[in-house]
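# An overview of the molecular structure
Residue strings, one per chain:
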Number of protein chains: 2
Amino acid sequence: MSENKIPYKIYLSEDEMPKAWYNMRADMKNKPAPLLNPGTGKPLTAEELSPIFCEELVKQELDDNTAFIEIPEEIRNFYKMYRPSPLVRAYCLEEKLQTPAKIYYKFEGNNTSGSHKLNSAIAQAYYAKKQGLKGVTTETGAGQWGTALSMACSYFDLDCKVYMVKVSYEQKPFRREVMRTYGATVTPSPSETTEVGKKILAAHPGTTGSLGCAISEAVEVATKNPGYRYVLGSVLNQVLLHQSVIGLETKAALDKYGIKPDIVIGCAGGGSNLGGLIAPFMGEKLRGEADYRIIAVEPASCPSFTRGKFAYDFCDTGMICPLAKMYTLGSDFIPSANHAGGLRFHGMSTTLSQLYHDGYMEARSVEQTSVFDEALKCKETGEEKTIVFGLTGTGYFDLVAYQKFHDGEMTDEIPTDEQIAEALAKLPQIG
Amino acid sequence: MSENKIPYKIYLSEDEMPKAWYNMRADMKNKPAPLLNPGTGKPLTAEELSPIFCEELVKQELDDNTAFIEIPEEIRNFYKMYRPSPLVRAYCLEEKLQTPAKIYYKFEGNNTSGSHKLNSAIAQAYYAKKQGLKGVTTETGAGQWGTALSMACSYFDLDCKVYMVKVSYEQKPFRREVMRTYGATVTPSPSETTEVGKKILAAHPGTTGSLGCAISEAVEVATKNPGYRYVLGSVLNQVLLHQSVIGLETKAALDKYGIKPDIVIGCAGGGSNLGGLIAPFMGEKLRGEADYRIIAVEPASCPSFTRGKFAYDFCDTGMICPLAKMYTLGSDFIPSANHAGGLRFHGMSTTLSQLYHDGYMEARSVEQTSVFDEALKCKETGEEKTIVFGLTGTGYFDLVAYQKFHDGEMTDEIPTDEQIAEALAKLPQIG
């Protein structure tokens, strides 16, 4: 089909939606390093993981070899409420930028929860329900994951306890209203409701929290309450697996029009959207079938890829979770209280960390104030290339940030080298 | 095509989008009554209207005979950024409700401004630009129209001055951030920036405003500033014309699958979404080609159709605007300060008023607390019919209302018969 026939929005039909998730790990020569038991320093077994995670999700977490895992029909039907999501050809942006580049973005904001997080939330809720659980616990940063999980739990009639990073809880009061509307309980973290929360508050009085703190609290509650498991919206292999639906749809839509992207760009907090978007492209790259430039963009205030260390570390601040080998700033690292409450995790997906370490992708860090400036300026000229990026959701709940920016009150507090070195000095001595 | 082949979301292709708007008035035997000059009591001419409205829009406003008016290519291209919008088969809702009814909704929230208002905003901005104007003024209630117009003006590089009903300005601070982001100026109404605003504040100290007040202010600013015109997001014939794109797409999507709806339901503030959604169905009904039940749903706190009078009235509180024959509660009527800031207009589209008066549609009023209750209960059983309703946008900016509802602080202040009689007693003595 000729270039000028490409519509503004490419929609697959519901029949063309993927029927299986794609597991990048199956095609990786160097598999991501296994999660370790913090007590023994040995790889965690399925038995050890099942008090924390649902059984089926443990299987997916540990499966480094199956390339395609079927999406259960119930999940596919739920997906049909908001998927396939559009792959948008950004004609208007190209014109405004006066760039010869062809820009596409995969937009994941067109669902009630407002972000891509729903893709994994519904899968995790489904497996929890299937296992006969009463409910799940989780953490949320910006609130996207908590919102998505609340919606998914409400659909399957599961209880949902959300620990929300305190800075987001305060900056985004409406997020908690959405979660309340779906019937979830929302607690600002760190809180006095858990042992680990009390400990963190004692060590860091007045802290505005981090995903690492909230994870510790949610895990404690899940393991202490019968019939509950913990679920996580990013970082984990299982999450990247579920999110591969983003990339699979993107690739199918591009293929339909014979388009081969040169560059694939995704934002990286813990890696859920990035890992999902790039999955099939990375697969081709890993199998030597095609080449793409793959670029991770992360916030300068929490630069795991670009300034962190590839090492085993705790996933949480309370150091009660498994150890993961990942690019990390140290589990003690608490980012400044800027608006990017969702991107305040000290680490990064083990799969993406391994791929970055092995040279399959690039990474860049960007300051949020300059992102705003660029958005307002939009005056650069681009390359004559085909670029695909992931737009993970709407900014409708982040308007405090716009207000601060307009009022000149937005700052970036980029960690100093000394701050990062100090946090990294506390890494566990493993591997 | 068999019933069970109907997808969750029916998307037309961009080629199938309407190339002309449909003007219901062309098929009405009883045309809507003309706008009158408040000074002379005579129908307003194009010459009299052009200091207020753009020339092309005046033509559209007064044209009762042309059934189809071409959508300019620039507008169609802009539409392609977010249209066609999905017609969603609400399978999950049907299941939750355990109803044999087949429920479809046309969802207009999938654009950056978050509502259907963009359909008319881009058209009005286009005609203003084409006329070589510097900018436009307007009012906004809930903020949907102001957001849409700000976005449209930014696209065409037009200045945009928005008067925002004070209760919404205060309850929805994020709305003004979106408008500011698009470069618009937002002033809470009534304000001290206009003569009419000062007068209203003197007469109603402490008033939280209404669309009628904000219209008066915006019109005053437009007529006093060279190179400016006033634009309006609802009520007017031109707006219903532009919004017909909603109904035309809905009908085309239904026709594609051979579906004939029994009932078409839309919410009614000033009539823009309702009038757009029902347009082609009403057209068939007017021409005697098909029959549909068409139901307008309006807020109990501002019940123009169900408790108002069909009479000539001012469109604004300041009584400086043309007189329109419509179902009205009286231009002096200021609804209680509930959350429905966008639905606080005392009147109703003249076209829809005439159609309601002539028995072509039904109307019901609903209390907002009971709407919430029903949404939470969702336990009724429906009829075995095909129902289509319009979902005009997202509730992402209305979360204060959710918060109030959860906290038990939401009230409905339904006007008493005495209050309505008092406001109606002040109707101008015309027609």
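Residues numbered from 1 in each chain as written. Chains lettered and ligands numbered in written order. Predicted model: local features only at pLDDT ≥ 70, side-chain atom pairs only at ≥ 80, totals over all residues. Heavy atoms only, no water.

### Focus on the sheet that holds strand β8 (residues 185–189) of chain B
Residues and elements named next belong to chain B. Here 4 strands make up an open sheet; going across it, the order is β8-β7-β6-β9 and the pairing parallel. Two strands lie at the open edges of the sheet, namely β8 and β9 (228–230), each paired on one side alone. Sheet twist, expressed as the average angle between the axes of neighbouring strands with direction ignored, equals 20°. Of the pairings in the sheet, the one linking strand β6 (residues 135–140) to strand β7 (residues 159–165) comprises 6 bridges and is parallel in character. Residue pairing across strands places Thr140 opposite Met164, the latter belonging to β7. Seen against the sheet, helix α8 (residues 173–181) touches β6, β7 and β8 and runs at an angle of roughly 175° to β7. (Pairing = 2+ DSSP bridges. Helix = DSSP H or I, 4+ residues; strand = E, 2+ residues; numbered from the N terminus. Axes fitted to C-alpha atoms, helices over the stretch in contact; angles between N-to-C directions. Contact = heavy atoms within 4.5 Å.)

### Remarks on the domain arrangement of chain A
Residues and elements named next belong to chain A. When the domains of chain A are assigned, the result is domain 1 (3–19 + 73–112 + 236–424) and domain 2 (21–27 + 35–68 + 115–230). When each unit is reduced to the centre of its C-alpha atoms, the spacing between domain 1 and domain 2 is 21 Å. On the domain 2 side, the residues contacting the 64 residues of domain 1 number 54 residues. Buried surface at the junction of domain 1 and domain 2, summed over both partners, amounts to about 5,200 Å²; 63% is from carbon and sulfur atoms. Taken together, the links from domain 1 to domain 2 amount to 1 salt bridge. Residue Asp27 pairs with Arg287 through a salt bridge whose shortest N-O separation is 2.9 Å. Seen at the junction of domain 1 and domain 2, the total is 21 residue pairs in polar contact (both at pLDDT 80 or more). Taken together, the elements giving at least two residues each to the side of domain 1 that touches domain 2 come down to α3 (73–79), α11 (237–256), α12 (272–286), β12 (309–314), β13 (323–328), α14 (350–357) and α16 (399–406). Here the element with the most residues in the side of domain 1 that touches domain 2 is α11; it accounts for 11 residues. Split by residue class, the side of domain 1 that touches domain 2 holds 33 nonpolar, 22 polar and 9 charged. (Domains from an automatic or database assignment. Buried area = accessible area lost by both parts, 1.4 Å probe. Salt bridge = Lys/Arg side-chain N within 4 Å of Asp/Glu carboxyl O. Polar contact = N/O pair within 3.5 Å; in protein donor to acceptor, adjacent residues only side chain to side chain. Nonpolar A, V, L, I, M, F, W, Y, C, P; charged D, E, K, R; others polar.)

### Some thoughts on the relation of the copies chain A and chain B
The two copies are related by a screw motion: chain A maps onto chain B through a turn of 180° and a shift of 0.0 Å along the axis, at an RMSD of 0.0 Å. In the structure described here, the two chain copies are related by an operation that fits a two-fold rotation axis. Comparing interface residues between copies, 100% of those in chain A also lie at the interface in chain B; the contact surface is shared. (Least-squares fit on C-alpha atoms with pLDDT ≥ 70 in both.)

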